[in-house]
Amino acid sequence: MNFAEFTDFILADGSIAMITAGIAVFATIVTLAAPLLGSNKFSARIKAVATERERLRQASLAHIRANERGGRLRDTNKTFTRNIVDRLNLAKLLEDPKLEDKMMQAGLRGSRPVATFYFFRMTMPIVLFVGAGLYLFGVNDHGLSDIFKIAVCVAGAYIGYHLPGIYLSNLAQKRRESIMGAFPDALDLLLICVEAGMSIEAAFAKVASEIGPASIELAEELSLTTAELSYLQERRQAYENMGKRTNHSGVRAVATALIQAERYGTPLGSALRVMAKENRDMRLAAAEKKAASLPAKLTVPMILFFLPVLFVVILGPAIIRFQQMG
């Protein structure tokens, strides 16, 4: 059949009707079979997602076990401080029931920081006691009596015992301030990701990658929460751990909202929007409080450093002229 014969066949009245009927039947079959094909495809996609989630969970567990063996989260290699702590049983003698929470809030995880903490809690009192004794009894006693010098040495030992705890509290405070400085912006990004249709794990991972330049500590917390959401049996525990590690009311409120959203099916976007506004208000209130306390803090430096210079500048020429006249 050449092209002319094919054109005549197409243009024939009966052929046009037959072709039109065939297209209509084909479209009807596709329309009726589309839901069945779609459900099978959807089931296959759900199964693929579940398989990928299980693979990621196994990879996260393997990564954590590798880190534990490598010494990042749980160090099995005996270091010098760990040997001293184990041999002297300092973990029991100097036991601090809140040490684990303080370590998490300071961003220190594993057994190595704990052993280092107990080691310095044992050695710092001895170092300061011996140092104060050598200075007061051997270098310069400043005219103090023996009882007062012994009291100074004991006070040095007492301060040395609390120095590791003070350092740990300051480290946790700086980390908390860094997290809360960028947390409202992170909530805005998380809200955008959730409203765009991303899952909470993908949203946490995306926000962690974006918020890193503003706060490395917050990026670390979000990444750790993403990992815990992957391998912990209860997702609620991952959110509670995030609130416990930061030890801030704003983060704990967000964790509670996420737990309630997953348990009761409440809209997550509206909850995140309210939490983001509250955290922005808290950040603004903290800035206003710091600004309001600035005059009181500047009073002593102004009296010690500013006013004497001002008096010298004002009275200096008058004093010089008076001396010249005399």
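Everything in this summary refers to the structure shown in the same document.

Calculation notes
- Residues numbered from 1 in each chain as written.
- Predicted model: local features only at pLDDT ≥ 70, side-chain atom pairs only at ≥ 80, totals over all residues.
- Heavy atoms only, no water.
- Core = buried A, V, L, I, M, F, W, Y, C linked by side-chain atoms within 4.5 Å.
- Buried < 20%, exposed > 50% of the residue type's maximum accessible area, 1.4 Å probe, protein only.
- Helix = DSSP H or I, 4+ residues; strand = E, 2+ residues; numbered from the N terminus.
- Contact = heavy atoms within 4.5 Å.
- Expected span 1.5 Å × (residues − 1).
- Bend = angle between axes of the 7 residues up to and from the residue.
- Patch = residues over 30% accessible without salt bridge, like charges linked within 9 Å, V, L, I, M, F, W, Y side chains within 5 Å.
- Areas by Shrake-Rupley, 256 points an atom, 1.4 Å probe, with all protein chains shown as cover.
- Salt bridge = Lys/Arg side-chain N within 4 Å of Asp/Glu carboxyl O.
- Phe/Tyr/Trp six-rings, centres within 6.5 Å; stacked < 30°, edge-to-face > 60°.
- 1 Å grid on protein atoms, 1.4 Å probe; cavity = no way out; pocket = protein on both sides within 12 Å on 5 of 7 lines; lining within 4 Å.
- Points joined across faces, edges and corners; volume = space filled by probe spheres on them.
- Nonpolar A, V, L, I, M, F, W, Y, C, P; charged D, E, K, R; others polar.

### Quick look at the nonpolar core
In terms of nonpolar packing, the biggest core is built from 32 residues, with Leu187, Leu190, Ile200, Phe204, Leu218 and Tyr239 touching the most fellow members. Taken together, the elements giving at least two residues each to this core come down to helix H7 (146-195), helix H8 (200-211), helix H9 (216-231), helix H10 (235-246), helix H11 (249-264) and helix H12 (268-292). Ranked by the residues each element gives to this core, the list is headed by H7, at 10 residues. Setting aside anything within four residues of it in sequence, one finds Tyr239 in contact with Ile200, Phe204, Leu229, Ala255, Leu258, Ile259 and Glu262. Membership of the second largest hydrophobic core comes to seven residues, among which are Met103, Phe117, Tyr118 and Ala172.

### Some details on helix H13 (residues 294-325)
Between its first and last C-alpha atoms H13 spans 44 Å; for 32 residues at 1.5 Å apiece the expected length is 46 Å, and the two agree. Along H13, the helix axis deviates most sharply at Met302, where the bend reaches about 55 degrees.

### Comments concerning a nonpolar patch on the surface
A contiguous nonpolar patch, built from Leu294, Leu298, Met302, Phe306, Val309, Leu310, Phe311, Val313, Ile314, Leu315 and Ile319 and spanning about 1,000 Å² of accessible area, is present on the exposed surface. With respect to the helices, strands and loops of the structure, Val309 is situated in helix H13.

### Considering unusual backbone geometry
One non-glycine residue, Asn247, adopts positive backbone phi at about 55 degrees. Note that Asn247 resides in the loop between H10 and H11. What makes Asn247 partly exposed here is its relative accessible area of 32%.

### Brief notes about the pattern of salt bridges
Here the idea is simple: oppositely charged side chains can pair when their charged atoms come close. A complete count under the given rule lists 14 salt bridges for this structure. Notably, a salt bridge pairs Asp185 with Arg283, separated by 3.7 Å at the nearest N-O pair. One end of the pair, Asp185, is in helix H7; the other, Arg283, is in helix H12, and 98 residues separate them in sequence. Here Glu221 makes a salt bridge to Arg245, at a shortest N to O gap of 2.6 Å. One end of the pair, Glu221, is in helix H9; the other, Arg245, is in helix H10, with 24 residues separating them in the sequence. As far as burial versus exposure is concerned, Glu221 and Arg245 are alike and both buried.

### Considering the packing of aromatic side chains
Within the structure shown, the criterion is met by two aromatic pairs. Between Phe117 and Tyr118, the aromatic rings sit 5.8 Å apart at their centres with planes inclined by 70 degrees, giving edge-to-face as the arrangement. Residue classification places Phe117 among the buried residues on the basis of a relative accessible area of 7%. Plain terms: the ring middles of Phe119 and Phe120 are 5.6 Å apart, the flat faces sit at 80 degrees to each other, and that makes the pair edge-to-face.

### A word on the layout of surface pockets
Summary: where empty space remains is shown by rolling a probe the size of a single water molecule over the atoms. Within this model, the second largest pocket holds a volume of roughly 430 Å³. Lining the second largest pocket we find 15 residues, and of these Glu177, Met180, Ala286, Ala287 and Lys290 sit closest to its centre. Those elements that place two or more of their residues in the lining of the second largest pocket are H7 and H12. Looking at the lining of the second largest pocket residue by residue, the classes come out as four nonpolar, five polar and six charged.

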